[in-house]
Amino acid sequence: QIPLVDATGRVVGLETLLEMLQVAERDNWVVLLAGGKGVRLKPLTHAMPKPMLQVGSKPILETILDSMVEQGFRRFFFAVNYMADSIYEHFGDGSRFHVQIEYLKEKEPLGTAGALTLLPDKPTAPLVVMNGDIITKVDYRALLDFHGRNRAMATMCVREFQFQVPFGVVSVDQHRIVDIKEKPEERFLVNAGIYALEPEAVEQIPKGRPYDMPKLFDTLLAQRKVLFVCPGRDCWLHIGRIDRFFRADDVCAREFEQ
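Given the structure is predicted, the values throughout are model-derived calculations rather than measurements.

(A) Structural context of the environment of Arg 10. Along the chain, Arg 10 falls in the loop between strand 1 (2-5) and strand 2 (11-15). In contact with Arg 10, not counting residues within four places along its chain, are Leu 4 and Val 5.

This is the structure:
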């Protein structure tokens with residue numbers, strides 16, 4: 001317990017460690033995209049949708065939810081399509097997790113942005129939108145703060161991706177060799193599948209047809225809107241292939257369940 005005193009030394013309040021460590025709740029809505037079929041993860045996804053595959057001791061989607069709840073987010077929308085019943089049965093209305101969960105039911109797959117047109121109301125604050133097949137320790141509060149400081153219309157989380165070309169790369173000018181680089185290493189910034197969007201950005205998404213997030217960013221770029229990337233170095237793993245699914249067990253044990 002820490003007493004609070006005024007200039008004369010008179011006690012005017014008392015703070016406890018528990019109160020100081022409590023995370024402030026965020027009003028921002030979170031949309032988790034959980035409608036994909038997980039074709040590259042078959043046969044694992046024959047019996048359940050990809051976000052419900054168990055990694056560590058719980059489904060991928062629950063690990064995402066728990067991380068966001070710890071950071072103060074309370075209102076969630078799950079975009080669902082493929083085998084949606086298993087997601088309803090596990091999460092319900094969110095009361096078991098002390099949050100509110102609503103479902104954006106896609107009759108047909110609407111892509112990584114199209115499902116946002118199913119939101120019941122227009123959001124009044126920036127949204128966090130995230131693919132439901134990512135294991136990460138991203139600080140979503142820091143993402144929103146970064147987004148707000150830069151007055152961005154949309155912010156995309158990116159990761160550095162690197163690979164080594166296994167051969168010598170030859171540069172030529174009209175058949176004349178001008179340079180040879182032996183097994184060069186290439187580095188790129190790639191889309192990490194996590195976004196912060198202003199409500200006005202969501203209004204740009206056409207209704208009733210598939211529409212992906214890169215297309216939305218292209219549209220906003222054409223309108224000369226302010227767009228930013230938020231580079232991340234936190235734990236991040238996209239579970240899109242069988243090898244990454246099995247690797248994710250080790251990541252969860254190390255990063256989330258210590």
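Having put the structure on the table, let's press on.
(B) Summary view of helix 7 (residues 213-222). Of the residues making up helix 7, those classed as buried are Met 213, Leu 216, Phe 217, Thr 219 and Leu 220. Mapping the buried residues of helix 7 onto a view down its axis gives an arc of 160°, with all of them on the same face. The exposed set on the far side of helix 7, more than 90 degrees from its buried face, consists of Leu 221 and Ala 222. The first or second residue beyond helix 7 is Arg 224, which carries a positive phi of 60°.

(C) Layout of the pairing of strand 12 (residues 176-182). Taken across its 7 residues, strand 12 has 0 buried, putting it largely on the surface. Across 6 bridges, the pairing between strand 11 (residues 168-173) and strand 12 is antiparallel. From the neighbouring strand, Val 172 faces strand 12, where its bridge partner is Ile 177.

(D) Structural detail: the side chain of Arg 159. Structurally, Arg 159 is set in strand 10 (residues 154-164). Every residue in contact with Arg 159, bar those within four places of it in the chain, is listed here: Phe 188, Leu 189, Val 190, Ala 192, Gly 232, Arg 233, Asp 234 and Trp 236.

(E) Local environment of the sheet that holds strand 3 (residues 30-33). Within the open sheet, the 7 strands sit side by side as 7-6-3-8-13-10-14. Their pairing is mixed. Where the open sheet ends on each side, the last strands, each with one partner, are strand 7 (100-105) and strand 14 (227-231). The sheet shows a mean angle of 30° between the axes of neighbouring strands, direction not considered. Pairing of strand 10 with strand 13 (residues 185-197), which is carried by 10 bridges, proceeds in the antiparallel orientation. Each residue of the ladder has a partner; that of Val 158, found in strand 13, is Asn 191.

(F) Molecular detail of the nonpolar core. Counting residues in hydrophobic clusters, the biggest one holds 38 residues, and the most contacted among them are Leu 32, Leu 65, Met 68, Phe 76, Phe 78 and Phe 91. Contributing elements (two or more residues each) for this core: strand 3, helix 2 (60-70), strand 6 (75-80), helix 3 (84-91), strand 8 (127-131), strand 9 (134-136), helix 5 (140-149) and strand 13. Of the residues forming this core, the biggest block, 6 residues, is contributed by helix 2. Those residues within four positions of Phe 78 in sequence are excluded, and the remaining contacts are Leu 32, Leu 61, Leu 65, Ile 87, Phe 91, Ile 101, Glu 102, Tyr 103 and Leu 104. Counting 26 residues, the second largest nonpolar core, distinct from the first, contains Ala 79, Leu 116, Met 156 and Val 158.

(G) Looking closely at the side chain of Thr 117. Residue placement: Thr 117 occurs in the loop between helix 4 (111-114) and strand 8. On the accessibility criterion, Thr 117 (18% relative accessible area) is buried. Separated by 2.7 Å, the side chain of Thr 117 and the backbone oxygen of Gly 114 make a polar contact. The contact partners of Thr 117, leaving out residues within four places of it in the chain, are Ile 205, Pro 206 and Lys 207.

(H) Region of interest: the pattern of salt bridges. Scanning the model with the defined rule gives 10 salt bridges in all. Residue Asp 6 is joined to Arg 10 by a salt bridge in which the shortest nitrogen-to-oxygen separation is 3.5 Å. In this structure Asp 6 comes out as partly exposed when scored by relative accessible area, which is 25%. Across the salt bridge formed by Asp 139 and Arg 141, the nearest N and O atoms sit 3.4 Å from each other. Beyond isolated ion pairs, a larger network of salt bridges with shared partners links Glu 160, Glu 185 and Arg 187.

(I) Molecular detail of the pairing of strand 3. Burial along strand 3 is two-sided: the residues Val 30 and Leu 32 and Val 31 and Leu 33 are all buried. Note that strand 3 and strand 6 share 4 bridges and pair parallel. The residue of strand 6 that forms the bridge with Leu 33 is Ala 79. By the bridge criterion, 4 bridges tie strand 3 to strand 8 in an arrangement that is parallel. Residue pairing in the sheet places Val 30 in a bridge with Val 128 of strand 8.

Definitions and cut-offs
- Residues numbered from 1 in each chain as written.
- Predicted model: local features only at pLDDT ≥ 70, side-chain atom pairs only at ≥ 80, totals over all residues.
- Heavy atoms only, no water.
- Helix = DSSP H or I, 4+ residues; strand = E, 2+ residues; numbered from the N terminus.
- Contact = heavy atoms within 4.5 Å.
- Buried < 20%, exposed > 50% of the residue type's maximum accessible area, 1.4 Å probe, protein only.
- Arc of directions from axis to C-beta.
- Pairing = 2+ DSSP bridges.
- Axes fitted to C-alpha atoms, helices over the stretch in contact; angles between N-to-C directions.
- Core = buried A, V, L, I, M, F, W, Y, C linked by side-chain atoms within 4.5 Å.
- Polar contact = N/O pair within 3.5 Å; in protein donor to acceptor, adjacent residues only side chain to side chain.
- Salt bridge = Lys/Arg side-chain N within 4 Å of Asp/Glu carboxyl O.

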